[in-house]
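Structure at a glance
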Amino acid sequence: MTNAENREPARDPQDLERLLIDRQWAGDIEGMLALFEPDAVVDSGGDEPVRGRQAIRALFEQGIAAGRKFQRGEQRPALINGNLALTSTRLPDGGITSEVARRQSDGTWLWAIDRYSVAS
């Protein structure tokens, strides 16, 4: 899964969550990053959101080094309006994620905004 040519793209915004978790569990940081737009913003609950792939890479590297693993939860149906989609998942601990995905020119989807938890 670490070879870019073999990575499955997100053809539906609902694919993003599954692909992110699969890639994190495999330790595929580049594959995780490939699910985000270059200027994406991630709010992981820290003091400030991280912006851009370089900062997101560092966040993912820290998480993997610490042994943190994303857990699968109950994914809600994506709310799609044109080229934008709102995705969310209720996590096993009761937290709720929210993300904004954008359809790319090739028809695939990437996250533009990712908030790890909006409620717990």
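Reading the values: rules and limits
Residues numbered from 1 in each chain as written. Predicted model: local features only at pLDDT ≥ 70, side-chain atom pairs only at ≥ 80, totals over all residues. Heavy atoms only, no water. Helix = DSSP H or I, 4+ residues; strand = E, 2+ residues; numbered from the N terminus. Rg over C-alpha atoms; globule rule 2.2 N^0.38 Å. Pairing = 2+ DSSP bridges. Polar contact = N/O pair within 3.5 Å; in protein donor to acceptor, adjacent residues only side chain to side chain. Contact = heavy atoms within 4.5 Å. 1 Å grid on protein atoms, 1.4 Å probe; cavity = no way out; pocket = protein on both sides within 12 Å on 5 of 7 lines; lining within 4 Å. Points joined across faces, edges and corners; volume = space filled by probe spheres on them. Nonpolar A, V, L, I, M, F, W, Y, C, P; charged D, E, K, R; others polar. Phe/Tyr/Trp six-rings, centres within 6.5 Å; stacked < 30°, edge-to-face > 60°. Buried < 20%, exposed > 50% of the residue type's maximum accessible area, 1.4 Å probe, protein only. Lys NZ or Arg CZ within 6 Å of the ring centre and 35° of its normal.

Turning our attention to the overall build of the protein chain. A tally of regular secondary structure across the protein chain gives three helices and six strands. Of the regular secondary structure in the protein chain, the N- to C-terminal order runs α-α-β-β-α-β-β-β-β. What you see for the protein chain is a C-alpha radius of gyration of 13 Å, in line with the 14 Å of a compact globule of 120 residues. Once the C-alpha set of the protein chain is aligned to its principal axes, its extents read approximately 35 × 35 × 25 Å.

Before going further, it helps to examine the pairing of strand β3 (residues 74–81). Bridge count between β3 and strand β4 (residues 84–90): six bridges; the pairing is antiparallel. In the sheet register, Glu74 faces β4, and the bridge partner there is Arg90. Here β3 hands over to β4 after two residues, with Gly82 in that stretch at a positive phi of 65°.

Here Thr108 is to be found in the loop between β5 (96–103) and β6 (109–119). Within the structure, Thr108 has its side chain in polar contact with the side chain of Asp106 (distance 2.6 Å). Setting aside residues up to four positions removed in sequence, Thr108 forms contacts with Pro9, Ala10, Arg11, Arg102 and Arg103.

Before going further, it helps to examine the layout of surface pockets. When its volume is computed, the largest pocket comes out at roughly 320 Å³. Taken together, 17 residues make up the lining of the largest pocket; nearest its centre are Phe70, Gln71, Leu91, Thr97 and Tyr116. Breaking the lining of the largest pocket down by element, the ones donating at least two residues are α1 (15–25), β5 and β6. Take the lining of the largest pocket: its biggest share by element is four residues, from β6. One number sums up the size of the second largest pocket: a volume of about 150 Å³. If you go around the second largest pocket, the residues you meet are Gln24, Met32, Ser44, Leu59, Phe60, Gly63, Ile64, Arg68, Lys69, Phe70 and Tyr116. Top element by residues in the lining of the second largest pocket is helix α3 (residues 52–65). It accounts for four residues. Across the lining of the second largest pocket, the residue classes break down as six nonpolar, three polar and two charged.

Right, let's get into the packing of aromatic side chains. The way to describe two aromatic rings as a pair is by their centre distance and the angle between their planes. With the rule as written, the count across this model stands at three aromatic pairs. Ring centres 5.8 Å apart and planes at 55° place the aromatic pair Phe36 and Phe60 in the tilted group. With Phe36 in strand β1 (residues 36–43) and Phe60 in helix α3, this residue pair connects regions lying 24 residues apart in the sequence. Neither Phe36 nor Phe60 differs from the other in exposure class; each is buried. On the basis of an interplanar angle of 85° and a centroid distance of 5.7 Å, the ring pair of Phe70 and Tyr116 is categorised as edge-to-face. Of this pair, Phe70 sits in the loop between α3 and β3 while Tyr116 sits in strand β6, and the two are 46 residues apart along the sequence. A relative accessible area of 23% means that Phe70 is categorised as partly exposed. Each residue in the set Phe36, Phe60 and Trp111 is aromatic and connected to the rest through ring pairs, giving one cluster. The residue whose ring lies beneath Lys69 is Trp25, and the NZ or CZ to ring-centre distance is 5.2 Å.

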